[in-house]
Amino acid sequence: MEPKLIGDPVDRIDGKQKVTGGAHYAGDIKQPEMAYAVLVMSTIANGTIRDIDTADAEKLPGVLAIMTHKNTPRLPGYDANKPGATALGRVLHLLHDDRVDYSNQPIAMAIADSFEHAVDAANHVRVTYQAKTPAPGLPTSKAEPFRPQKLPRPDDPVDTQRGDLNKAMAAAEVSFKQTYHTPTQVHNALEPHTSVAIWEGKQLTIYQATQGIFPSRERIAEYFALPPENVRVIAQFVGGGFGSKGPVWADGVLAAMAAQYVKRPVKLELRRSDMFGMVGSRSATSQQLDIGASRSGDFLGMAHRSLNQTSVFDDFSEPAGILTRVLYKCPNQEVTHRSIRANIGSPSPMRAPGEAPGMFALESAIDELAYQLNMDPIALRLKNYAETDQQKELPFSSKSLRECYQQAADRFGWSKRLAAPRSMRDGNILIGMGMASAIYPTIRDEASAKIKLNADGTVLLSIGTQDIGTGSYTAMTQLAADAFGISPDRVTLRAGDTRQPKTPVSGGSRTTASAGSAVVQAAEAVILKAKQLALNDLKSPLNGQKESDMAVEKGRLFLKSDPKKGEALTALLKRNGGNALEASTSSKSGEEKEKYSMYAHGAQFAEVRIDEALGEIRVSKLTGAYAAGRIVNAKTAHSQLVGGIVWGVSMALLEHAIHDPRTNRIMNANLAEYHVPVNADIPDIDAFFIDEKDEIVNPAGVKGIGEIGITGSVAAIANAIYHATGKRIRELPITPDKILSFTA
Amino acid sequence: MTDNDNYMVDGAGRRWFLKQSTALAGTLLLPPLATPSSALPGTVPAASSTARPITLRVNRKTYKLTAEPRETLLDLMRNRLNLTGSKKGCDHGQCGACTVHIDGRRAYSCLTLAVMQQGRDITTIEGLGTESALHPLQAAFIEHDGFQCGFCTPGQLMAGAALLREGHTGSADEIREWMSGNICRCGAYPGIVAAIQSVKKGGTPG
Ligand code: FES
Ligand code: FES
């Protein structure tokens, strides 16, 4: 059977390395003379360091240095330590002063010849503080909310208004108002943040666990006042990121500082507990939803007012309301974002930042309204189906949400659901079914790629991008193979290195749309060169033909009107001196961005089984249909959906970083008490794609798929829990105590 | 011999290794390691005076070296034996990324002191199969995409291989329960279960 290439479930090109232990993550990198750094973390959340005593630690065997604010040389580019223009540039604590702004902030670094010696030394550093009362985060905070200057994505306004909300709400026959709460969450990629820094003169090489080798290179170069070319960041394999390895955090800079200080290569691998604070979190939110509707279910007015938390030293505002602007038709609307400051590590983007908590609130509210109106939740959504983006007043490049509702409902068996809450049971087990919409914007950034077509027909693709587990290496290879119509095993990929063409951060589900488009365009440029070679070549059967009349398939250039007329690319190249054809392109979005609104959509269904006496919640079935343009690799794309849906289960039922409101310390800073799902928590997941062709969205024809899975699944589960129990829990995570409590 | 005996994970089972997956794959040319591990000495000496000589048997190979009593098996293998396949996700016995077999039984190597493992047979992911001779479960993980980032994968595979041998693969639910000592933050659980089931079904000795 002829492989279809694009869309096929091609195995990951790095699969064998990953299953044999041969994949090298940053922590696996070794260097002769490499030293190990271990951080000392603050135990108060607000105040100053009164004294830091390193004498005992320095005497221990193998210790090379203890760096504190007292001896750390000032970074030449330290002035750049301000909030960056994007969500990637954060304010860092780099041992430059005695301030403590949050608990578990790095305040010293022990560097030794072995990991054991470094741990020992870090444990012997004695710190005394001048402590002040910390400002607590949500929901305890009494601080006055302020309007943030911006949301993480420059395209998203902080506040939006359309129509006349007050008038619409006054006229509405049915009105609904509720507040939803979501907790602080910590990404907890399984691979801890790790950097191995190596200085050679003024050249710095860092092997780093990062979602963005290029932003990392630029930010680190800035701190050391070096031209970016002097810094090389390499990420061969990254053990998950989920947003936490997107921003440039202190650990990468500290590793480079340590290596410079002790004049040896240094590995800094965060310990799991170190990851609760200094490498970001999902902000807790408190979101108020007001909806005014007609008795027949038309949305007349809607307000989504979201409150989030940020740190005392940086600005990041969780954009929880942004999808409310576009998901449903509603002429009168107001969406606002406000923040409070707290003595916590800076929040940051976490898988579907804003979208995940925002969609929990919005899609719970729509479900509540459906019960209030006595309508089927799908029918209510269809009644308010947005045919255009009312906020931007633009058409969608494509939207197949109707098909998603229908196909997912059929496969899930929605028709078997009895409408009334608490109406389905199996002995002592209450059964509930719920659903929610899913949506995620398609983001595309500037990216470049280089393609070389060799005379033997093989292709060398060079592109910087890292692969954080999403399958980017495989997708890039497939896109290049597809352009020439050759088998992916004819393609060699060079990636994961800032020495290769520049690509954006792997975040916001943008890699295939951005880097993939660059691959497609670089391949087109090479093919154009081949066409020109052919039309100017007297010996070619295509001599004198027009470029636009030719096409490439299966490695063969031919005339579209007469496919028999043509020749293999290898024959063409060999006859013309056997030289390779090469092209580099830089690719970014054009005017389509001004003309269209671009989103992937989906419909997620969930079934839960709840022990009536114990309140134990088991998710027994998850079915989701998603429409996201062209799917490059059915296998890895499916895993992306599944991963996102698992994150939905996790957010709905488990995750909660619990701050002690008196001390602001996270009380469960480990993987035993910060709950994430294990295998037994996850049922079979039926997640599938709907065919969707979108030639407007970008040259690769793809939409982002890494985050959409979480945007519907949280509310689908919460709605199923209501259907099972008759209890509406508006505060995540939904745990047995909340199900059993009679005051909820 | 029952099916459950078929999957030796300590090298003796190699005659049952599946032939290579036939699916298409490209070639990945990654930037060089700072120093290829082959250029580093096979074992790196312990730095401290509390170190004592020990003998470890890992993947059928004998290592004689000195170790400090506080060195975990995981850190020693990763930092000093160039066996970096086993991963450190938590260092506290909470994630399973460091799972190895000690005398055929699953163990979290981060909770295991190296000096206490003398005279035992230790098997890591490097001893399960190789790129050219994959263990059936390794091939099945690729086929069913039982991973994304791959960081939990060595631990999942060691746990899964033990499950097959122990006979805890009777149903999907049994597999889920017995695989719950290994966290996959990427959420590849359905693929992991499918991979283990497929090997269980296809499991006949060669
Ligand atoms: S590293 Fe051993 S269990 Fe997590
Ligand atoms: S594959 Fe990433 S943690 Fe399991």
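Predicted model, so just to flag it, every value in this text is computed and none were measured.

Caption draft 1: Fine view of the overall build of chain B. The helix and strand inventory of chain B stands at five helices and six strands. Each helix and strand of chain B, placed in order from N terminus to C terminus, yields the pattern β-β-β-α-β-β-β-α-α-α-α. Looking at chain B as a whole, 56% of its 206 residues qualify as buried. The contacts in chain B between residues at least 6 apart in sequence include a share of 61% that link residues at least 24 apart. Total accessible area on chain B is roughly 7,900 Å²; 53% of this is exposed by carbon and sulfur atoms.

Caption draft 2: Looking closely at helix α2 (residues 136-143) of chain B. Counting buried positions along α2 of chain B gives seven out of eight residues, so the element sits mostly inside the fold. Within the span of α2 of chain B, buried status applies to Pro136, Leu137, Gln138, Ala139, Ala140, Phe141 and Ile142 of chain B. In this structure, the buried residues of α2 of chain B make contact with α1 (15-20) and α14 (634-653) of chain A together with α3 (153-166) and α5 (189-201) of chain B. Asp145 of chain B sits one or two residues past α2 of chain B and shows a positive phi near 50 degrees.

Caption draft 3: Structural context of the environment of Tyr223 of chain A. Along the polypeptide, Tyr223 of chain A turns up in helix α5 (residues 213-223). Along the chain, Tyr223 of chain A and Thr585 of chain A lie 362 residues apart, while their C-alpha atoms are 30 Å from each other.

Caption draft 4: Region of the structure containing the packing of α14 of chain A against helix α15 (residues 708-725) of chain A. Residue and element names in this part refer to chain A. Between α14 and α15, the shortest axis-to-axis distance is 7 Å and the interhelical angle comes to 40 degrees. The angle between α14 and α15 places the two elements in the oblique class. For the pair α14 and α15, the crossing hand works out as right-handed. Contacts from Leu641, Gly644, Ile645, Trp647, Gly648, Val649, Met651, Ala652 and Leu653 in α14 reach Ile708, Gly709, Ile710, Ser713, Val714, Ile717 and Ile721 in α15.

Caption draft 5: Focus on the pattern of salt bridges. Residues and elements named next belong to chain A. In the structure shown here, the tally under the stated rule is 61 salt bridges over all chains. Across the pair Glu591 and Lys595 runs a salt bridge whose closest N-O atoms are separated by 3.2 Å. Residue Glu591 is classed as exposed on the basis of its relative accessible area, which comes to 54%. Classification of Lys595 as partly exposed rests on a relative accessible area of 44%. Among the charged side chains, a network of salt bridges with common partners joins Lys177, Asp290, Arg305 and Glu334.

Caption draft 6: View of the sheet that holds strand β13 (residues 285-293) of chain A. Residues and elements named next belong to chain A. A sheet is described by the order of its strands in space; here five strands give the open sequence β7-β15-β14-β13-β8, paired in mixed fashion. Either end of the sheet is taken by a strand with one partner, and the two such strands are β7 (160-162) and β8 (174-182). Along the sheet, successive strands turn relative to each other by an average axial angle of 10 degrees, direction set aside. Pairing of β8 with β13, which is carried by nine bridges, proceeds in the antiparallel orientation. Within the sheet, the bridge partner assigned to Gln178 lies in β13 and is Leu289. Along the sheet, helix α7 (residues 355-373) contacts β8, β13 and β14 (299-311); its crossing angle with β8, the most-contacted strand, is approximately 145 degrees.

Caption draft 7: Examining the interface of chain A and chain B more closely. Contacts between the two partners involve 86 residues from chain A, matched on the other side by 69 residues from chain B. For the pair chain A and chain B, the summed buried surface comes to about 6,400 Å²; carbon and sulfur atoms form 57% of the total. Viewed at the interface, chain B and chain A are joined by six salt bridges. Measuring nitrogen to oxygen at the nearest pair gives 2.9 Å for the salt bridge that ties Glu655 of chain A to Arg185 of chain B. In this assembly, chain A and chain B are joined by 30 residue pairs in polar contact (both at pLDDT 80 or more). Mapped by element, the contributors of at least two residues to the side of chain A that touches chain B are α1, α3 (115-123), β11 (231-234), α10 (472-484), β22 (491-494) and α14 of chain A. For the side of chain A that touches chain B, the leading source of residues is α14 of chain A, giving nine residues. Looking at the side of chain A that touches chain B residue by residue, the class counts come to 40 nonpolar, 26 polar and 20 charged. Pairing of β22 of chain A with strand β1 (residues 27-29) of chain B involves three bridges; the strand directions are parallel. Bridge pairing links Thr492 of chain A to Thr27 of chain B in β1 of chain B.

Caption draft 8: The domain arrangement of chain A, seen in detail. Residue and element names in this part refer to chain A. Here chain A is described as being made up of domain 1 (31-133 + 190-240 + 245-275), domain 2 (285-443 + 594-740) and domain 3 (445-588). Computed from C-alpha coordinates alone, the two centres of domain 2 and domain 3 are separated by 39 Å. With 16 residues of domain 2 in contact, the opposing surface of domain 3 contributes 19 residues. Summing the contributions of domain 2 and of domain 3, the shared interface buries around 1,300 Å²; its carbon and sulfur component is 56%. Residue Asp482 is joined to Arg630 by a salt bridge in which the shortest nitrogen-to-oxygen separation is 3.7 Å. Between the two partners, domain 2 and domain 3, sit six residue pairs in polar contact (both at pLDDT 80 or more). Across the side of domain 2 that touches domain 3, the residue classes tally to seven nonpolar, seven polar and two charged.

Caption draft 9: The arrangement of the UniProt feature "domain: Aldehyde oxidase/xanthine dehydrogenase a/b hammerhead" (unreviewed entry) in chain A in detail. Look at the UniProt record and you will see "domain: Aldehyde oxidase/xanthine dehydrogenase a/b hammerhead" (unreviewed entry) annotated at residues 20-133 of chain A. Taken as a whole, residues 20-133 of chain A contains 13% helix and 30% strand, while its terminal C-alpha atoms sit 50 Å from one another.

Parameters and conventions
- Residues numbered from 1 in each chain as written.
- Chains lettered and ligands numbered in written order.
- Predicted model: local features only at pLDDT ≥ 70, side-chain atom pairs only at ≥ 80, totals over all residues.
- Heavy atoms only, no water.
- Helix = DSSP H or I, 4+ residues; strand = E, 2+ residues; numbered from the N terminus.
- Buried < 20%, exposed > 50% of the residue type's maximum accessible area, 1.4 Å probe, protein only.
- Contact = heavy atoms within 4.5 Å.
- Areas by Shrake-Rupley, 256 points an atom, 1.4 Å probe, with all protein chains shown as cover.
- Axes fitted to C-alpha atoms, helices over the stretch in contact; angles between N-to-C directions.
- Parallel < 35°, antiparallel > 145°, perpendicular 65-115°, else oblique.
- Left-handed = near helix turned anticlockwise from the far one by under 90°.
- Salt bridge = Lys/Arg side-chain N within 4 Å of Asp/Glu carboxyl O.
- Pairing = 2+ DSSP bridges.
- Buried area = accessible area lost by both parts, 1.4 Å probe.
- Polar contact = N/O pair within 3.5 Å; in protein donor to acceptor, adjacent residues only side chain to side chain.
- Nonpolar A, V, L, I, M, F, W, Y, C, P; charged D, E, K, R; others polar.
- Domains from an automatic or database assignment.
- UniProt positions renumbered as here; feature names shortened; annotations may be inferred.

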